[in-house]
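Okay, here's what each chain looks like letter by letter:
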Amino acid sequence: MTAATSESSAPRTLVILGAGGDLTARLLLPGLASLLASPRGEAVRLIGVDRSESSDEAWRKRVETAFADAPSELAEKIVAETAYVQADVSDSASLERVLAAAGPNVALYFALPPAITLLACKALRKLELPKGIMLALEKPFGTDYASARSLNRLLQHLVPEEQVFRVDHFLGKSTVLNLLGLRFANRIFEPLLSADNVERVDIVFDEQLALEGRAGYYDRAGALIDMIQSHLLLVLAFAAMEPPASVDAEDLRGGMAQVLRATRPWKANGTESRRARYGAGTIGDRKLPAYIDEQGVDPSHHTETLAEMTLAIDNWRWAGVPFVLRSGKALADTRQEIVFTFKPVPHLPSGLHGMKTPARLRIGLKPASLDLDLMINGEDDPFELDPVALHAELQAGQLSAYGEVLSSILEGDPTLSVRGDVAEQCWRIVAPVLKAWRKDEVSIDTYPAGTAGPRSWH
Ligand SMILES: O=C1O[C@H](COP(=O)(O)O)[C@@H](O)[C@H](O)[C@H]1O
């Protein structure tokens, strides 16, 4: 794996811009704690930056609380030494103060909404940045294809590409990374994964979680941008890419870019897509209001909470195979998996009967699992086929997805971050669907929260 070299051997200083935000408390600090408590943990300094007035003491308490579930000596040291800097990140002079406090070996993590990240990057352009500085940017990377391109251009003026970490925590999920081992370290599956044998591929990420107080962000993003444009297209890239020569940053991300460049909506105008929004309902013992009645939601945004799009990959391996990507919130079940459905056999010997379901290879994202659904000879009538499932429960990775992502940033290894051209491709691929939806060419269906989605979709 390649790692950007730093000028200094001092421990890396992780500076979180947006330290007071939800992302920092919910994901970044617990992710850092999980890394520090693992054998891969290393000494690191931590500085929290936000615009509101606070103190080192108050910030230290927040870090301590977030670290409570994964205590370690390294975590204790960080808590004791961490500092808070009040700063307006859109102002160069303020950022200069932040960089001075951080010292030479620094990773700046923008845990900020895209518009503020853009302002902060513009402000950084006026400064001389420390050599080897890492810039980590949260998703969504831009708000569309054009803005992602211009943000990439701006970043090119700041640091070389290998020092830019476009964070997508799905690339840190051990269950997503399982795809690489499963496909490229075993001879039995990879030769079958092509249009010759595969009828369709489904990448599904259904959640029972609803809005969880995130209207400010989600009501502008919706399920397509929140999940498909970012996470699920990267999963598709791992599921469909050609075997790379190595899994270093160059080869792995090159392979992802290559397959995404060949990917497009099944129908060029994006109208094969589907969208829906949840109405009032119950999930377990939770009663949920309709999405449009959730606090902070503006019904005029027509935001979808369930999105599906079908994609084609125009290359020799996958021509003609639909890849169906779907994700939604407030659904009855948590179904999160990649499913390769195989074509029927060319000829079923006559006399063998009762073929009910196609062969399927299912890779569970949560929980981590592997299933092979097959038809075999039945118990009673030996010529009647019965379904059988070979099931394996897999170990989840030792680190949380954010722990994995932070580890790669602190090590300066961009392998598990989204390369600039990959980020642009992801926006290009969904652009026709976004356009069709804006023009109301695809109707928005509804489903009661706690169900499997709109009845017309089953
Ligand atoms: O980035 C996001 O991902 C989560 C799902 O990922 P998980 O690792 O938390 O299961 C999703 O709920 C959220 O809406 C989205 O912004």
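Residues numbered from 1 in each chain as written. Predicted model: local features only at pLDDT ≥ 70, side-chain atom pairs only at ≥ 80, totals over all residues. Heavy atoms only, no water.

**Some words on the overall build of the chain**
This is how it is decided: Secondary structure elements are taken from DSSP: a helix is a run of H or I of four residues or more, a strand is a run of E of two residues or more, and numbering for both begins at the N terminus. For this measure, only C-alpha atoms enter the radius of gyration; the expected value for a globule follows 2.2 Å times N^0.38, where N is the number of residues. With a 1.4 Å probe rolled over the protein chains alone, any residue whose accessible area is under 20% of its type maximum counts as buried; one over 50% counts as exposed, and the rest are partly exposed. Contacts are residue-level and defined by heavy atoms, with any inter-residue pair within 4.5 Å sufficient. Method for areas: the Shrake-Rupley scheme with a 1.4 Å probe, in which residue coverage is limited to the protein chains shown.
Looking only at helices and strands, the chain features eleven helices and 18 strands. Against the compact-globule benchmark of 23 Å for 458 residues, the chain has a radius of gyration of 23 Å, which places it among compact chains. Taken along its principal axes, the extent of the C-alpha atoms in the chain is 80 × 50 × 40 Å. Counting all 458 residues of the chain, 53% fall into the buried class. A sequence separation of at least 24 residues applies to 77% of the contacts in the chain between residues at least 6 apart. Only carbon and sulfur atoms are counted for the fraction: they give 53% of the accessible area of the chain, which is about 20800 Å².

**Remarks on helix α9 (residues 249-261)**
Heads up, the condition is: Multiplying one less than the number of residues by 1.5 Å gives the expected span of a helix.
Over its 13 residues, α9 runs 18 Å from end to end, which matches the ideal 18 Å to within 8%, given 1.5 Å per residue. Ala249, Leu252, Arg253, Gly255, Met256, Ala257, Val259 and Leu260 are the residues of α9 that are buried. At its buried positions, α9 is contacted by α7 (174-184), α8 (215-240), β8 (263-265), β12 (306-313) and α11 (420-438).

**Quick word on the confidence of the model for the chain**
Let me state the cut-off plainly: Note: pLDDT gives the predictor's confidence per residue, expressed from 0 to 100.
Averaged over all residues, the pLDDT of the chain equals 95, while 98% of them reach at least 70. Throughout residues 1-6 the model reports pLDDT below 50, and contacts reaching past four residues in sequence, or to other chains, amount to 19 contacts. Reported confidence for the predicted complex is 0.99 by ipTM and 0.95 by pTM.

**Comments concerning the environment of glutamine 395**
As for its placement among the helices and strands, glutamine 395 is situated in the loop between β17 (385-393) and α10 (401-411). Glutamine 395 sits in the exposed class, given a relative accessible area of 74%. Glutamine 395 sits 28 residues away from proline 367 along the chain, and the two C-alpha atoms are 9.1 Å apart.

**Re the site of the ligand**
Going by this rule: Note on definitions. A residue lies near a molecule or strand when any single heavy atom of the residue is within 4 Å of it.
In the vicinity of the ligand, the contacting residues are Lys139, His169, Phe170, Lys173, Phe205, Glu207, Arg214, Asp226, Met227, His231, Lys329 and Lys366. Burial of the ligand by the protein amounts to 82% of the accessible area it has alone, namely 390 Å². Ranked by the residues each element gives to the shell around the ligand, the list is headed by α8, at three residues.

**Here we look at the packing of helix α6 (residues 145-158) against α11**
Here is the rule we go by: A fitted line through C-alpha atoms represents every axis, and for helices the fit uses only the stretch in contact; the resulting angles, taken between N-to-C directions, go from 0 to 180 degrees. Throughout this description, any angle smaller than 35 degrees is read as roughly parallel, any larger than 145 degrees as roughly antiparallel, any in the 65 to 115 degree range as roughly perpendicular, and the remainder as oblique. Residues were grouped as follows: Ala, Val, Leu, Ile, Met, Phe, Trp, Tyr, Cys and Pro as nonpolar; Asp, Glu, Lys and Arg as charged; and all remaining residues, including Gly, as polar.
For the pair α6 and α11, interaxial distance at closest approach is 8 Å and the crossing angle is 170°. The orientation of α6 relative to α11 falls into the category roughly antiparallel. Residues Tyr145, Ala148, Arg149 and Asn152 of α6 pack against Gly420, Asp421, Glu424, Trp427 and Arg428 of α11. Classifying every residue of the contact of α6 with α11 gives three nonpolar, two polar and four charged.

**What about the sheet that holds strand β4 (residues 106-110)?**
The following threshold applies: Two strands form a pair only when DSSP identifies at least two bridges running between them.
A sheet is described by the order of its strands in space; here six strands give the open sequence β3-β2-β1-β4-β5-β6, paired in parallel fashion. Each of the sheet's edge strands pairs with one partner strand only, and the pair in question is β3 (83-86) and β6 (164-166). Pairs of neighbouring strands in the sheet enclose a mean axial angle of 20°, with direction left out of account. As paired strands, strand β1 (residues 12-17) and strand β2 (residues 44-50) are joined by six bridges and run parallel to one another. Its bridge partner lying in β2, valine 15 is registered against isoleucine 47. Along the sheet face, helix α5 (residues 114-125) touches β4 and β5 (134-137) and points at about 145° away from the line of β4. Here α10 sits on the sheet in contact with β1, β2, β4, β5 and β6, set at roughly 125° to β1.

**Digging into the nonpolar core**
To keep things clear, this is the line we draw: Nonpolar cores are built from buried Ala, Val, Leu, Ile, Met, Phe, Trp, Tyr and Cys residues. Side-chain atoms within 4.5 Å join them into one set.
Formed by 110 residues in total, the largest nonpolar core has its most connected members in Phe110, Leu124, Leu135, Trp318, Phe323 and Phe340. Of the residues forming this core, the biggest block, 17 residues, is contributed by α8. Once residues lying within four places of it in the same chain are set aside, the contact partners of leucine 124 are Leu95, Leu99, Leu108, Phe110, Leu129, Leu135 and Leu158. Within the second largest apolar cluster, 34 residues are counted, among which are Leu14, Trp59, Phe165 and Leu399.

**Things to note about α8**
This is how the line gets drawn: Here the bend at a residue is taken as the angle between two axes, fitted respectively to the seven residues that end there and the seven that start there.
Largest kink in α8: about 100°, centred on glycine 222. Burial analysis of α8 places 23 of its 26 residues in the buried class, which makes it a mostly covered element.

**Description of the UniProt feature "domain: Glucose-6-phosphate dehydrogenase C-terminal" (unreviewed entry) in the chain**
The condition is simple: UniProt positions are given in the numbering used here, feature names are shortened, and annotations may be inferred rather than shown by experiment.
Under the UniProt annotation, the feature "domain: Glucose-6-phosphate dehydrogenase C-terminal" (unreviewed entry) is placed at residues 182-456. Here residues 182-456 runs as 26% helix and 27% strand, with 35 Å between its end C-alpha atoms.

**A short note on the pairing of β5**
Definition in use: A crossover counts as right-handed when, viewed with the strands pointing away from the observer, the path leading from the first strand over the helix to the second turns clockwise.
Here β5 shows a buried face lined by Met134 and Ala136 and a second buried face lined by Leu135 and Leu137. Bridge count between β4 and β5: four bridges; the pairing is parallel. Pairing of phenylalanine 110 across the sheet is with leucine 137, part of β5. In the classification by handedness, the crossover that spans β4, the intervening α5 and the parallel β5 is right-handed. Each parallel crossover has a hand, and for β5 linked through α6 to β6 it is right-handed.

**Digging into unusual backbone geometry**
With an omega of -5°, the peptide bond running from lysine 139 to proline 140 counts as cis. Within the secondary structure, proline 140 sits in the loop between β5 and α6. The step from lysine 366 to proline 367 runs through a cis peptide bond, and the omega angle for that step is 0°. Its identity as a non-glycine residue notwithstanding, alanine 330 has a phi of 55°, on the positive side. With respect to the secondary-structure elements, alanine 330 resides in the loop between β13 (323-328) and β14 (336-342). Taking relative accessible area as the criterion, alanine 330 reaches 0% and is therefore assigned buried. Within the chain, aspartate 440 stands out as a residue other than glycine whose phi angle is a positive 60°. Since its relative accessible area comes to 55%, aspartate 440 is described here as exposed.

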